Amino acid sequence: MARALVVGAGLTGGVCAALLGRETPRPAHLTVWEEAAAPGGRMCTACSPHAPGSTVDLGAQYITRSPQRAGLHGRFYDELLALGLLKPLTSPIEGMVVKEGECNFVAPQGVSSIIKHYLKESGADVCFGHRVTRVDLRDDRWEVSTETGHPERFDLVVFTMPAPRILQLQGDVANLISECQRRQLESVSYSSRYALGLFYEAGTKIDVPWAGQYITSNPCIRFISIDNKKRNIESPDVGPSLVVHTTVPFGVTHMEHSTEDVQELILQQLETVLPGLPRPAATKCQRWRHSQVTNAAANSHGQLTLHVKPFLVCGGDAFTQSNFDGCITSALCVVEALKKHI
């Protein structure tokens, strides 16, 4: 009986899993492995440890639909809007550039709710804390090993993690990647940054006229969002939440520093941007080593098929572009490639 594995529970992985269930003969067993403790990837949403209703988006802040993609991916947007997982962004974001025909959306329940939806739709067994380290060819199947746990065998595998992680894999897969494919994977580059989420007690006031602001005059801070205000969700029972995204130069310089040290530096700079902020009840500092793709793999057409029998394919924004539409495009390309060879 066929077994399929999707590695990575970010947007591409979630949509791939859902499409495998919807648009191909359903594999007997569909599994998603994610190395983090929760779904979302770079669309993750963190919760306050003291108040689960207080959340903050540590990755993508809003989703921009271009007029070019409105028709191609309309069904995805329509579905998420109908379910209330997306709604138009109406709160003011200072410094945001909106091009003609573009529409911006926010996720009322946090951006990770979108990935949770697709994973639920897929019917897959989703396992967290599964970091894939090795892939070997065994009896015309893929034997996939993680840092913890026993190896398992699959008939087809989809990688959706960042390209450098694919290149780090050990086992037969390292020798099966051709020189051309290796060059394609090595050509992918990413920006790096940190995100800091701040959670406040109920009743706390953050008196600013905007829900988000792009910062151009600070060496550390690039973007600030009052996250609940951005989503138009303000409750007397839940305190506000705030997220800070750093500049890329700051992220690159401090990428190997401890998150505790980096958090203190960000808080010092935040005080100069927003003096007098109250003390947060809790914080969450996120290191994004692979934040946004700055150079995608050339000539990959949304996916990179590494092996046909058994099938092994790579997808994700490394093969398109770093946004919602790029991930949807890649997931569609991955599933089309699977259809041709299954």
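- Going by an unreviewed UniProt entry, the chain carries the name Renalase isoform X1 and comes from Vulpes vulpes.

## Description of the sheet that holds strand β6 (residues 87–88)
- The sheet built from three strands is open, its strands ordered β5-β8-β6 with antiparallel pairing. Each edge of the open sheet carries a strand with a single partner, namely β5 (63–65) and β6.
- Both β5 and strand β8 (residues 103–106) contribute to a ladder of three bridges, which runs antiparallel. Residue T64 lies in a different strand from β8, and its bridge partner there is N104.
- Each of β5, β6 and β8 is contacted by helix α3 (residues 74–82), which is oriented at about 130° to β5, the strand it contacts most.

## So, the sheet that holds strand β10 (residues 132–138)
- Strand order in the open sheet formed by three strands is β10-β11-β12, with antiparallel pairing between adjacent strands. Two strands close off the open sheet at either side, each with one partner strand: β10 and β12 (152–154). The mean inter-strand angle of the sheet, taken between neighbouring strand axes irrespective of direction, is 30°.
- Of the pairings in the sheet, the one linking β10 to strand β11 (residues 141–146) comprises six bridges and is antiparallel in character. Note on β11: the bridge partner recorded for R134 is S145.

## What about unusual backbone geometry?
- In this structure, P310 follows K309 across a cis peptide bond, with omega equal to -5°.
- Summarising the element assignment, P310 is placed in the loop between β21 (303–307) and β22 (311–315).
- Positive phi is not limited to glycine here, since D140 has a value of about 60°.
- Relative accessible area serves as the criterion here: at 64%, D140 is assigned to the exposed category.

## Some points on the packing of helix α1 (residues 11–23) against helix α4 (residues 112–122)
- At a closest axis distance of 8 Å, the pairing of α1 and α4 adopts a crossing angle of 25°. Classified by the angle their axes make, α1 and α4 are roughly parallel. The chirality of how α1 crosses α4 is left-handed. Each of L11, G14, V15, A17, A18 and R22 in α1 lies in contact with α4, whose residues at this interface are I114, I115, H117, Y118, L119, E121 and S122.
- A class-by-class count of the residues in the contact of α1 with α4 yields eight nonpolar, three polar and two charged.

## Side note on the packing of aromatic side chains
- If you walk through the whole model with that rule in mind, you get four aromatic pairs.
- With 5.5 Å between their ring centres and 90° between their planes, W33 and F154 make a pair best called edge-to-face. Taken as a pair, W33 in strand β2 (residues 29–34) and F154 in strand β12 lie far apart in primary sequence, 121 residues in all.
- Looking at F154, the relative accessible area reads 0%, which means it is buried.
- Measuring from centroid to centroid gives 5.1 Å for Y77 and F324, while their planes differ by 50°, and the two rings are tilted. Here Y77, found in helix α3, pairs with F324, found in helix α11 (residues 324–341); they are 247 residues apart in sequence, far enough to count as distant.
- Look at Y77 and you get buried, because its relative accessible area is 0%.
- Here the aromatic residues Y77, F105 and F324 are joined through ring pairs into a cluster of three or more.
- Lying over the aromatic face of Y77, R65 brings its terminal NZ or CZ to 5.4 Å of the ring centre.

## A word on the side chain of S330
- Mapped onto the secondary structure, S330 falls in helix α11.
- A distance of 2.7 Å separates the side chain of S330 from the backbone oxygen of G302, its partner in a polar contact.
- When neighbours within four sequence positions are excluded, S330 is seen to be in contact with T12, G302, G315, G316 and T320.

## Regarding α11
- For α11, built from 18 residues, the straight-helix expectation of 26 Å at 1.5 Å per residue is met to within 8% by its first-to-last C-alpha distance of 27 Å.
- Where α11 begins, one side-chain oxygen reaches toward the backbone nitrogen of D325, 3.3 Å away; that side chain belongs to N323.

## A short note on the side chain of H73
- You can see H73 is positioned in the loop between α2 (67–72) and α3.
- Among the polar contacts listed, one links the side chain of H73 to the side chain of T329, at a separation of 3.4 Å.
- Setting aside anything within four residues of it in sequence, one finds H73 in contact with D325, I328, T329 and L332.

Rules behind the numbers
- Every chain is numbered independently, its residues counted from 1 as its sequence is written.
- Thresholds applied to this predicted model are a pLDDT of at least 70 for local features of residues and 80 or more for the giving and counting of side-chain atom pairs; totals over whole chains, interfaces and linings are not thresholded and use all residues.
- To obtain the side-chain values, all non-hydrogen atoms of the structure were included, while hydrogens and water were left out.
- Between any two strands, pairing holds if DSSP finds at least two bridges.
- In this text, helices come from DSSP runs of H or I with a minimum length of four residues, and strands from runs of E with a minimum of two, each type numbered from the N-terminal end.
- For this analysis, residues touch if any pair of their heavy atoms sits within 4.5 Å.
- A fitted line through C-alpha atoms represents every axis, and for helices the fit uses only the stretch in contact; the resulting angles, taken between N-to-C directions, go from 0 to 180 degrees.
- Categorising residues by exposure relies on relative accessible area from a 1.4 Å probe, with only protein chains included: less than 20% of the type maximum marks a residue as buried, more than 50% marks it as exposed, and the intermediate range marks it as partly exposed.
- The cut-offs work like this: below 35 degrees is roughly parallel, past 145 is roughly antiparallel, 65 to 115 is roughly perpendicular, and the gaps in between are oblique.
- Helix crossings fall into two classes, left-handed where the near helix is turned counterclockwise from the far one by less than a right angle and right-handed where it is turned clockwise.
- The residue classification treats Ala, Val, Leu, Ile, Met, Phe, Trp, Tyr, Cys and Pro as nonpolar and Asp, Glu, Lys and Arg as charged. All others, Gly included, are polar.
- Pairs were defined over the aromatic rings of Phe, Tyr and Trp, the Trp ring being its six-membered one, requiring ring centres within 6.5 Å. Orientation was assigned from the angle between planes: stacked under 30 degrees, edge-to-face over 60, tilted for the rest.
- Definition used: whenever NZ (Lys) or CZ (Arg) falls within 6 Å of the ring centre and also within 35 degrees of the ring normal, the charge is taken to sit over that ring.
- By the criterion applied in these results, polar contacts are pairs of N or O atoms within 3.5 Å in which, for protein atoms, one can donate a hydrogen and the other can accept it, and in which residues neighboring in sequence qualify only through two side-chain atoms.
- By this rule the span expected of a helix is its residue count minus one, scaled by 1.5 Å.

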